[in-house]
Structure formats: structure tokens, C-alpha cells
Amino acid sequence: GVTTGFSQTLKVVGKGWRSTVSCDMINLQVGYSHPVDVKLPTGVTATQKNPGEFTLHSHDKQLLGQTCANIKAIRPVEPYKLKGIRIEGQYLRQKVRKAAGV
């Protein structure tokens, strides 16, 4: 981790949901009535790929994982429509809705 470092890509999935990265702050607009600002701890940096995807970089693997977990907890993935904040490559299983009674 010292020479290359660790990175984790997070995706924001939902209609009209987006994220913006500026310095050590991540601004998330994920369906709440207000935007959510996340301050990154020292040692973690972020880069923006597009409005629905950003990457966190750090030399400390534990700190990086905890930061990702804190961001994911803001809007966990919903099991029916799979909307939420997820890590790229994360396995998700979509639940089937209840069928109409016959």
C-alpha cells in the first residue's frame, strides 16, 4: 500500500442521484430533501469519474474500507430496485416482488 496505494470505486445508482467531489468533501444528492456532505478523513482522497461514480484512494486499507462503509451507510442498496450507494463489483441479488393473489 505504500508504493501503489489502495483504491475503491463507489457508484451512486438512482434516478436523479449524483455526487460531486471537491477537495476533501463529497456532496451526495441521494433522494433526501437536503444534500449530504461527507468530509473525508486525512489520508483519503477522492477523484470524480462522472456524476454517478467516484473513486477513493488511500495508503491505509482499513481507513479506506471504513470510509467506504460510512458513505454506503448514508443510502444502503435497496433490495427491490437496487437503488443506493454501492462498491463497484459488489454482488447484489434482487428480490422478487410479491405476486398478485389469484
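This report concerns the structure included in the present document.

1. Considering the overall build of the protein chain
When you go through the protein chain residue by residue, the secondary structure sums to 1 helix and 7 strands. Put simply, the protein chain runs from its N terminus to its C terminus through helices and strands in the order β-β-β-β-β-β-α-β. Oriented by its inertia axes, the alpha-carbon framework of the protein chain measures out at about 60 × 30 × 20 Å. By residue count, 28% of the 102 residues in the protein chain fall in the buried class. Pairs at least 24 residues apart make up 48% of the contacts formed inside the protein chain by residues separated by at least 6 positions. Carbon and sulfur atoms make up 54% of the accessible area of the protein chain, which amounts to about 6,800 Å² in all. Computed over 15 positive and 6 negative side-chain charges, the inter-centroid distance for the protein chain is 12 Å.

2. Side note on the packing of aromatic side chains
Throughout the structure, instances matching the rule amount to 0 aromatic pairs. Across from the ring centre of Tyr32, 4.2 Å away, lies the NZ or CZ of Arg75, which sits over that ring.

3. Focus: the pairing of strand E4 (residues 36-39)
Burial of E4 is one-sided: the residues Val36 and Val38 facing one way are buried, the residues Asp37 and Lys39 facing the other way are not. As judged from the 4 bridges shared by strand E3 (residues 25-29) and E4, these two strands associate in the antiparallel manner. Bridging across to E4, Asn27 finds its partner in Asp37. Between E3 and E4, which pair antiparallel and follow one another directly, the connecting turn spans 6 residues, one of which, Gly31, has a positive phi of 90 degrees.

4. Concerning the pattern of salt bridges
Per the stated rule, a full pass over the model turns up 3 salt bridges. The salt bridge partner of Asp24 is Lys39, with a shortest N-O separation of 2.6 Å. Within this pair, whereas Asp24 is found in the loop between strand E2 (18-22) and E3, its partner Lys39 is found in strand E4, the two being separated by 15 residues in sequence. Residue Glu53 is joined to Lys49 by a salt bridge in which the shortest nitrogen-to-oxygen separation is 3.7 Å. Owing to a relative accessible area of 13%, Glu53 belongs among the buried residues under this scheme. When its relative accessible area of 51% is taken as the criterion, Lys49 is described as exposed.

Criteria and thresholds
- Residues numbered from 1 in each chain as written.
- Predicted model: local features only at pLDDT ≥ 70, side-chain atom pairs only at ≥ 80, totals over all residues.
- Heavy atoms only, no water.
- Helix = DSSP H or I, 4+ residues; strand = E, 2+ residues; numbered from the N terminus.
- Buried < 20%, exposed > 50% of the residue type's maximum accessible area, 1.4 Å probe, protein only.
- Contact = heavy atoms within 4.5 Å.
- Areas by Shrake-Rupley, 256 points an atom, 1.4 Å probe, with all protein chains shown as cover.
- Lys, Arg positive; Asp, Glu negative; His and termini not counted.
- Charge placed at Lys NZ, Arg CZ, Asp CG, Glu CD.
- Phe/Tyr/Trp six-rings, centres within 6.5 Å; stacked < 30°, edge-to-face > 60°.
- Lys NZ or Arg CZ within 6 Å of the ring centre and 35° of its normal.
- Pairing = 2+ DSSP bridges.
- Salt bridge = Lys/Arg side-chain N within 4 Å of Asp/Glu carboxyl O.

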